[in-house]
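# Residue-level structure breakdown
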Amino acid sequence: MKATESKMVASLHTSKTPNPFRVVRALLVISALLVVCYLSLLFEVVHRPHQVRFSASPNDQVHSLAIKKSRKESRKVEFMLSKPLSSANSLIGHNVKFEAQLEQSEPLSNANYLNDPSFESKKVNQNTFKRTKEAPVSTFSADVDTSSYSYIRRLLQSSFRMPAPNTVHTEELINYFDYDYPCPQDKSSPLEASVMISNSPWCAGRKIMSIGIKGYDHTKVMDRPRPKSNLVFLIDVSGSMASPDCLPMAKESLELLLGGLQPDDHVSIITYASGTKIALPPTPVSQKETILAVIKSLYALGSTNGSGGLELAYKVAGENFDETAVNRIMLFTDGDFNVGLTRGDALTRYISEKRSTGIFLSVFGFGPSGQYRDGTMKALANHGNGVAVYRVLGLTGSSAKRQDRRVSFDDSPLDADDRSGAHTHSSEIGVFSVNTGRGSTISNDKSVLSSSLRIDNRKEELSIIQKKRQRSVESQRAMEELTINKLDFKSMGLIGREQETATLKLCFDRLLQQDDDAETDSKSESTNELVFIRGFSGAGKSKLAKTLASEIDATSHGVYVEGKYELSGMDGGQPYSGIAKAFEKLCTKIQDDAPEHAIAEMSKAVTESLRQEAKMLMRLIPELNVLMDDQATERISVDNIETERGQERWKYALRTLTRILGSYFHPLVLMMDDLQWADVSSLDVIDYLISDVQNPHPLMIIGSYRSNEVDEKSILFDRMQTLERKSDKFSFRITDIEVKSCDVDGVNKMIMSMMSIDDENKTRELAEICFKRTDGNPFFLIEFMTMLHAEGLVAFNLGLLKWGFDVAKIEGATMSTANVVSLLQARMRKFPDNAQLLLQYAACLGSSFSSATLQFVWTELASVAVDNTDADFSRMLRLAQDAKLIEPCGPDELRFVHEKVQEAALYLSELVNPSFQFSLGLCLYRGLDQTDLEEQLFDVVDLINKGNVTKKVELARLNLRAAKKARRISAFQSAGNYCANGIKLLPSDLWTDEHRELTLDLYTAGAEMEWAIGHADKVEEYVAAVLGREECTPIEVVPVKMILAKLRAATQMRFNDAIDLSLDVLKEMGYKLIWSQRLVGIQAIKLAMQTIKNFKKLPREHFDSLRVMNDPKQRAIATLVSRVQYSAFHAKRILLNILCTCRLVELTLAHGISEFSGPSIASLAMLVLLLQNDYETVSEFGEIALSLQEKYGGSRYAETTYILYGHVLSWVKPLHTCLAPTMNGYTQGLRSGDNEWSLYNLLSHFVCLPYAMGSPLAPILRDCPKVLLQIEEAKLKDHLLVVRILFQMVMNLQLPPGEKFEKLNGNHYSPEDEEGNESAGHMGHLHFAEGELMVFHGNYDELANRAIAKGDHYSQLMMGFFLIPMETFHRGIALYAMARRTKRRKYKAHANKIRKQVTKWSNDGNPNVKHYVMILNAEQAVLDKHYEKADELYKGAIVYTARSGHLHHAALCNERYADYRLLRSDVDDAKYYMSEAVRYYREWGAVGKAEKLRKEMEEL
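Residues numbered from 1 in each chain as written. Predicted model: local features only at pLDDT ≥ 70, side-chain atom pairs only at ≥ 80, totals over all residues. Heavy atoms only, no water.

Moving on, we come to the overall build of the chain. Secondary structure assignment for the chain yields 61 helices and 23 strands. Taking all 1500 residues of the chain together, the buried fraction comes to 55%. When contacts within the chain are restricted to residue pairs at least 6 apart in sequence, those whose partners lie at least 24 apart make up 74%. Surface summary for the chain: the accessible area is close to 64,800 Å², and the carbon and sulfur share equals 50%. (Helix = DSSP H or I, 4+ residues; strand = E, 2+ residues; numbered from the N terminus. Buried < 20%, exposed > 50% of the residue type's maximum accessible area, 1.4 Å probe, protein only. Contact = heavy atoms within 4.5 Å. Areas by Shrake-Rupley, 256 points an atom, 1.4 Å probe, with all protein chains shown as cover.)

Below is the structure:
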């Protein structure tokens, strides 16, 4: 039969008129028939053998279908007939005796096929007929593997695909079934052969001989218990094992298996993915619950380091080897090794070596049929003296019964090297029955693995049935399209795009490598990939990007999703449209493909990490509800989003969501199509996502755009330039790929492909014409060829079975063809009028639209445009779909197949004009219900705005509605445009009482949006338009004045102007903040003392019962007072700042909790600290501030946290307890969009607090660039200057000897940077950094003189900041040093004053200054000549600072003590303590200082 098949195929290939379509169809039919015939034949041979008398002469030919040609990797077993075949007697019902000779197999010289994809498709050589006279010996493998049967069955049942020839192992199909062969009775003859002979059903006169081999079974001939089992379960937990038929099935199997083991058996569990892990050390089965807990905890994630897992498994098995037990490793995997030792020769050699130690390996395969690597697993099992079995889910009927199979192993006491086939010797392992193959079962013991592999899951069965039906429909459609007289456009692929494809693949490979590195090293930093694909429309940009979708499916467990932007009436496109579509598809993929446990974990992470922002995102991405915990989100309300922080909240929410989803599906590839139409907000988000240096899993964003529509004036070009400049700092790569039009050769190759022609000369002339008409554009070429085919200029001759065309006719007939739009319109004009009209309606709705909306428009407008009012919508729509102009893209969702198709439809006739678009938008506005209108609001308003709109109040109000929706999702650019359009639509009497409210709303919203996007001139214009109207009352203009005050303070840095403007607005609202400008200081101190007194009197229960401030007027007053407080701080009007703090506390007590309550009460606690030093009250006020902030929530959490832990509680608690709260404040601030206070917390957490605690400088230096990047990203100038100052300070402290490190000047900061910036934060940190360099580099004279001149300058600037005690202490050290050196009283007096101040802080309860007091007291004792006391104090301070981890002060204290001992002429002690100072300075990281001291020590 095989020979016949070969001849048939050969004849097809040698046909004079080859037709690939016929060949494909013929091969499919032949293959199906052959498989059916093959299986039926085997069934007949196995189950109904013809027992006939067999005789043959020496010249007769014998061929056994049941015996596969031996493979090198299998041990050979040679069987010889005991008598010459020519003299054989009747074989009816008798067993022919064979002589078995075991031979040592040769090593695998070419075993590197393991994990090599080419191995799975190696050519299989068929067995040939041989003459018995010439070849009386038949050599074959006694192979007992069965995986081929399971694999083929799964393929046929679940995917309707024919198996590849190399996967059909006939012997394994036979092995799968049980046969009642007799068992050998004597161990000396370990094999028994059974022979059956039958007539050949396909060749008369020939015979088929079936030979069955049965191995010796001592469990049947000898009644003895089985030995103990020592099992190592080696389980693949990589990402490729995540599907239900992989790791989940393996876990269920193991749980059932565990129930059949005996209590004294031992089990170990090793897992491997990117790394390896001992999940369970050797554990007796008596501890069943422990083992089950480990099995249930397994989950799939990461790449596949199979070789590392094997090495660890053999190591564990070897360390726990039991000579009295069966020692075996059981590998559960899908066969994919892609990390570590993947070369087959090395793996198999390693396994063969371990086999000789008595530790054997068997392999159990799981996973989809297209994924499981059958050859790899069999090679491993063969060399490990084990079996390879493939298991599948969802089997029914007899197939399910066949899952209940016994798995056999060869663990006999015989020499392990004497292995016949896979396992022809008898033994047993644990509870497993020993089996020599499917030929017979050796033991009747209960099979546990059979039970463990029986899956009765009705849900999975139904899922498979549904998939079968779906694939059946798809197959039917595919067969309909497989027509020889049609152009095969799908075969074109990416012809001529090899270089572009390779470049994109290189970017993706880098991403994969980083992802693997992240799995093995959690500290590794990822580099995101940003790829821009540019070219003309139709060049194949999107198709090129989509090649990664199949790449991801084949090589990783990541995901590829795409979003598309559309040309909108608003400048820059609809807000977030492409981003939203991409995440919608991602959520849909999660719902369809992710296992339930992964969805549950992602849902928990989203709910906990995003909270309010999760519900906020659902406004943009409704499909996100699949990841929302309904019970948890019911308790979460979305607070009002502030304009100045809303966009930051959106960016943070999308970045966090990307991190969460990327941790489960990585690498994550986002494709943004048609970026030339993206809105500014979307570009901001793309910028924010690709700049995420803290994302543990690298991200790839692909952006395609039309190069002919992006010039230097476009927002996309400007953003690309910005990204190019920041790519190095934010560690992402930018790759630019230009997709050019194809040349003539490329066009010719595409034509050859679509016509299935091999000779390029036959299509060369046609290609040259097509190149002229289409300029080598692939999409244009398809449309041009479609037109030629439709016009009969290119046709398939069924008689000759080839394509024909007349080049001259084609050139003449297509001379007038202008472009692809003309070609498409020519096709469309052949449709009925109704179909053309439907296409135009659809084009007006956008590149994608819902069929329900299209049908609504058709019903409402068709009767006006065409005569047929009963037009059949479904028929017209089907016509457009059949013509490949429109295609489905989701439930009830349709889209044009290409933007050029939409363009052609849009301008198909003069019907579509601004007036029609206006009518269409108005039809939707008045016809859709409120829910549908809200969902499609942007589309509707854009259509209306495109038309010739007359001034109409209703439409102005509709634009305001769209602006408010855009504001809610922080699309401020679009919101501003809608406001501008709304203002244009206002009537001439816009300021009358009838329209004034709408007018004020539009101007106020417009001013706010323009302020949010930084258009100061436009804000001034809107505000002036309102303030210049006499019709407006003072209360009505308050909102625009508040916006102007924000502009003055936050954008223009005109703080005093902002204060004056805010005070005027408060006065107009009837609230008097200041009674007299001249007496503001007295009023502030008096009010502060009174507020503190009143606050102390209130019981704690009073604050628990406070309600939320709901009065809009009081909220507006609180907002304005807060703005005055902010401006006063930056204008250094400290007393006014204090006054505002007290007023905000009064508003809280009188009207309820607002977002300003937490920060104002925290500031009140700071006043208690500064004015009264009452640490107990400070702690109490701080707790109240935190509780009210937690109760209200909102966006001020970061501000409250920073005030408390940066300026208040850091005085009453150890500094290390402030680390966690400041990190929490940072994350909460990011969530709420409060970048300013969030990054202050970040700066404290990573720089200021570690420095104050004396932590090593190296981690601080490592973290400074990360902090700097985030601040640069947020564009906060004051923060940026502060972190540069501190960064440069730490850099100078770490500089090596010889560098100029005493002055604050270097790569990160120079004095020129401070020009024009005199904020308190900047000046304070500059003062602090300069002082630190002075004290640690011994520049005591300059620091002491500055201390006398400026005194508590730093304390006045920083108002309670936790670095104040350190700065004060260092001033004291410098003063004492100069007092000791010069003996001048002024230094001693100022130093003693500082000592008393620090001592008071310590006595009041500051736990962070104890060692300051000890060192300063020692310095004072030296000056007072109390030397014994000084020695005692110095030594005590040294011990205390060293034990508490204050490395810098341990070094400083040793240095000062050495200086004192030198003063006492004790050189030896001085050298010792100086050496200790050197040691601590080095440990701290101050290399230059340590080296300087070392040289001074050598000179002593």
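On to a nonpolar patch on the surface, then. There is a patch of nonpolar side chains on the surface, built from Ile1085, Met1089, Leu1135, Leu1170 and Leu1171 and spanning about 380 Å² of accessible area. For the nonpolar patch, the secondary structure elements donating two or more residues are α41 (1080-1097) and α45 (1157-1171). (Patch = residues over 30% accessible without salt bridge, like charges linked within 9 Å, V, L, I, M, F, W, Y side chains within 5 Å. Salt bridge = Lys/Arg side-chain N within 4 Å of Asp/Glu carboxyl O.)

Time to look at the packing of aromatic side chains. Within this structure, the stated rule accounts for 34 aromatic pairs. Taken together, a centroid distance of 4.7 Å and an interplanar angle of 70° make the contact between Phe1095 and Phe1181 edge-to-face. Highlighted residues: Phe1095 in helix α41 and Phe1181 in helix α46 (residues 1175-1192), separated in sequence by 86 residues. Here Phe1361 and Phe1362 contribute two aromatic rings whose centre-to-centre distance is 4.5 Å and whose plane-to-plane angle is 40°, an arrangement assigned as tilted. (Phe/Tyr/Trp six-rings, centres within 6.5 Å; stacked < 30°, edge-to-face > 60°.)

Spatially, β15-β16-β17-β14-β18 is the arrangement adopted by the 5 strands of the open sheet, whose pairing is parallel. Looking at the sheet topology across the chains shown, the edges are occupied by β15 (559-564) and β18 (732-738). Neighbouring strand axes in the sheet, compared pairwise and without regard to direction, differ in orientation by 15° on average. Sheet contacts for helix α22 (residues 715-726): β14 (528-535), β17 (699-706) and β18; angle to β18, the most-contacted strand, approximately 135°. (Pairing = 2+ DSSP bridges. Axes fitted to C-alpha atoms, helices over the stretch in contact; angles between N-to-C directions.)

This paragraph deals with empty space enclosed by the protein. Under the definition given, this model contains 12 cavities of 30 Å³ or more. Approximately 110 Å³ is the volume attributed to the second largest cavity. Together, 13 residues line the second largest cavity, and Leu1215, Phe1362, Pro1365, Asn1408 and Tyr1412 are the ones closest to its centre. Put simply, the parts of the chain that give the lining of the second largest cavity at least two residues each are α55 (1364-1382) and α57 (1410-1423). Here the lining of the second largest cavity is built from residues that sort into 8 nonpolar, 5 polar and no charged. (1 Å grid on protein atoms, 1.4 Å probe; cavity = no way out; pocket = protein on both sides within 12 Å on 5 of 7 lines; lining within 4 Å. Points joined across faces, edges and corners; volume = space filled by probe spheres on them. Nonpolar A, V, L, I, M, F, W, Y, C, P; charged D, E, K, R; others polar.)

Moving on to the sheet that holds strand β9 (residues 266-272). Where strands meet in a sheet, backbone hydrogen bonds hold them as pairs that are either parallel or antiparallel. Spatially, the 6 strands line up as an open sheet ordered β10-β9-β8-β11-β12-β13, and their pairing is mixed. Here the strands that pair on one side only, and so sit at the sheet edges, are β10 (276-284) and β13 (388-390). Between one strand and the next, the sheet's axes are offset by a mean angle of 15°, whatever the strand orientation. Bridge analysis of strand β11 (residues 325-333) against strand β12 (residues 360-365) gives 6 bridges, and the strand direction is parallel.

Here we come to the pattern of salt bridges. Going through the model one piece at a time under the given rule, you end up with 58 salt bridges. Put simply, Lys546 and Glu562 hold a salt bridge, and the shortest N to O gap is 3.8 Å. With Lys546 in helix α15 (residues 541-555) and Glu562 in strand β15, this residue pair connects regions lying 16 residues apart in the sequence. Its relative accessible area of 38% is what places Lys546 among the partly exposed residues. Residues Arg1494 and Glu1491 are paired through a salt bridge, measuring 2.4 Å at the closest nitrogen-oxygen approach. Remark: Glu1491 and Arg1494 occur in helix α61 (residues 1487-1499); sequence separation between them is 3 residues, near one turn of the helix. Overall, Glu1491 belongs to the buried group, its relative accessible area being 17%.

Turning our eyes to something else, we now look at unusual backbone geometry. Despite not being glycine, Asp674 shows a phi value in the positive range, around 60°. Here Asp674 lies in the loop between β16 (668-673) and α21 (680-690). According to the relative accessible area criterion, Asp674 is buried, its value standing at 0%.

Once that is clear, we can look at the confidence of the model for the chain. Caution applies to low-pLDDT regions: their predicted coordinates should not be interpreted in detail. For the chain, per-residue confidence averages 76 on the pLDDT scale, and 76% of positions sit at 70 or higher. Counting contacts from residues 1-24, a segment whose pLDDT is below 50, to residues more than four positions away or on other chains yields 23 contacts. Residue range residues 392-482 is modelled with pLDDT below 50. Its contacts to residues more than four positions away, or to other chains, number 244 contacts. (pLDDT = per-residue confidence, 0-100.)

The next point concerns the packing of helix α52 (residues 1320-1336) against helix α53 (residues 1340-1350). For any two helices packed against each other, one specifies the inter-axial angle together with the distance between the axes. In the contact formed by α52 and α53, the axes pass within 8 Å of each other and the chain directions differ by 140°. Here the hand of the crossing between α52 and α53 comes out left-handed. Of α53, the residues touching α52 (which contributes His1327, Glu1330, Gly1331, Met1334 and Val1335) are Tyr1340, Glu1342, Leu1343, Arg1346 and Lys1350. (Left-handed = near helix turned anticlockwise from the far one by under 90°.)

Before going further, it helps to examine the environment of Ala1150. Position of Ala1150 among the secondary structure elements: in helix α44 (residues 1134-1151). Between the alpha carbons of Ala1150 and Gln1114 there is a distance of 9.9 Å; along the sequence they are 36 residues apart.

With that settled, consider the packing of helix α35 (residues 953-968) against helix α37 (residues 996-1012). The N-to-C vectors of α35 and α37 enclose an angle of 35°; their axes lie 11 Å apart at closest approach. Once α35 is placed against α37, the crossing between them reads as left-handed. Every residue of α37 that contacts α35 at Val953, Ala956, Arg957, Leu960 and Arg967 is listed here: Leu998, Asp1001, Leu1002, Ala1005, Glu1008 and Met1009. Residues that form the contact of α35 with α37 fall into these classes: 7 nonpolar, no polar and 4 charged.

Turning our eyes to something else, we now look at the environment of Gly335. Mapped onto the elements of the fold, Gly335 is located in the loop between β11 and α9 (344-355). Sequence separation of Gly335 and Met241 is 94 residues, and the distance between their C-alpha atoms is 9.8 Å.

Where strand β19 (residues 794-797) and strand β20 (residues 802-805) come together, 4 bridges link them in antiparallel fashion. Counterpart to Ala795 in the pairing with β20 is Gly804. Here β19 folds back onto β20 in antiparallel fashion, the turn holding 4 residues, of which Leu801 has a positive phi close to 55°.

Before going further, it helps to examine the side chain of Thr853. Examined against the element boundaries, Thr853 turns out to sit in helix α29 (residues 851-865). By relative accessible area, which is 6% here, Thr853 ends up buried. Excluding residues that lie within four positions of it along the chain, Thr853 makes contacts with Leu845, Leu924 and Gln936.

When the terminal C-alpha atoms of α45 are compared, their 21 Å separation across 15 residues agrees well with the 21 Å that a helix rising 1.5 Å per residue should span. Burial of α45 is extensive: 13 of the 15 residues sit out of reach of the surface. Immediately beyond the C-terminal end of α45, within one or two residues, lies Asn1173, with a positive phi of roughly 55°. (Expected span 1.5 Å × (residues − 1).)

This next bit is on a negative patch on the surface. On the surface, Glu623, Asp892, Glu893 and Glu935 cluster together into a patch of negative charge. A residue is classified by how much of its surface remains accessible, and Glu935, at 65% relative accessible area, is exposed. (Lys, Arg positive; Asp, Glu negative; His and termini not counted. Charge placed at Lys NZ, Arg CZ, Asp CG, Glu CD.)

With that settled, consider the nonpolar core. In this structure, Leu675, Tyr1251 and Tyr1481 are the most contacted members of the largest nonpolar core, which totals 309 residues. Leaving out residues up to four positions away in the same chain, Tyr1481 has contacts with Phe1336, Ala1451, Leu1452, Glu1455, Ala1486, Lys1489, Ala1490 and Leu1493. If you look at the next biggest cluster of nonpolar residues, it comprises 30 residues, including Met241, Ile291, Val294 and Phe366. (Core = buried A, V, L, I, M, F, W, Y, C linked by side-chain atoms within 4.5 Å.)

Attention now goes to the side chain of Thr1441. Tracing the backbone shows Thr1441 in helix α58 (residues 1427-1443). Other than its neighbours up to four places away in sequence, Thr1441 contacts His1411, His1446, His1449 and Ala1450.

In the structure shown here, the tally under the stated rule is 0 disulfides. Left without a disulfide partner, Cys1142 is nearest to the cysteine sulfur of Cys1140, which lies 9.3 Å away. (Disulfide = S-S within 2.5 Å.)

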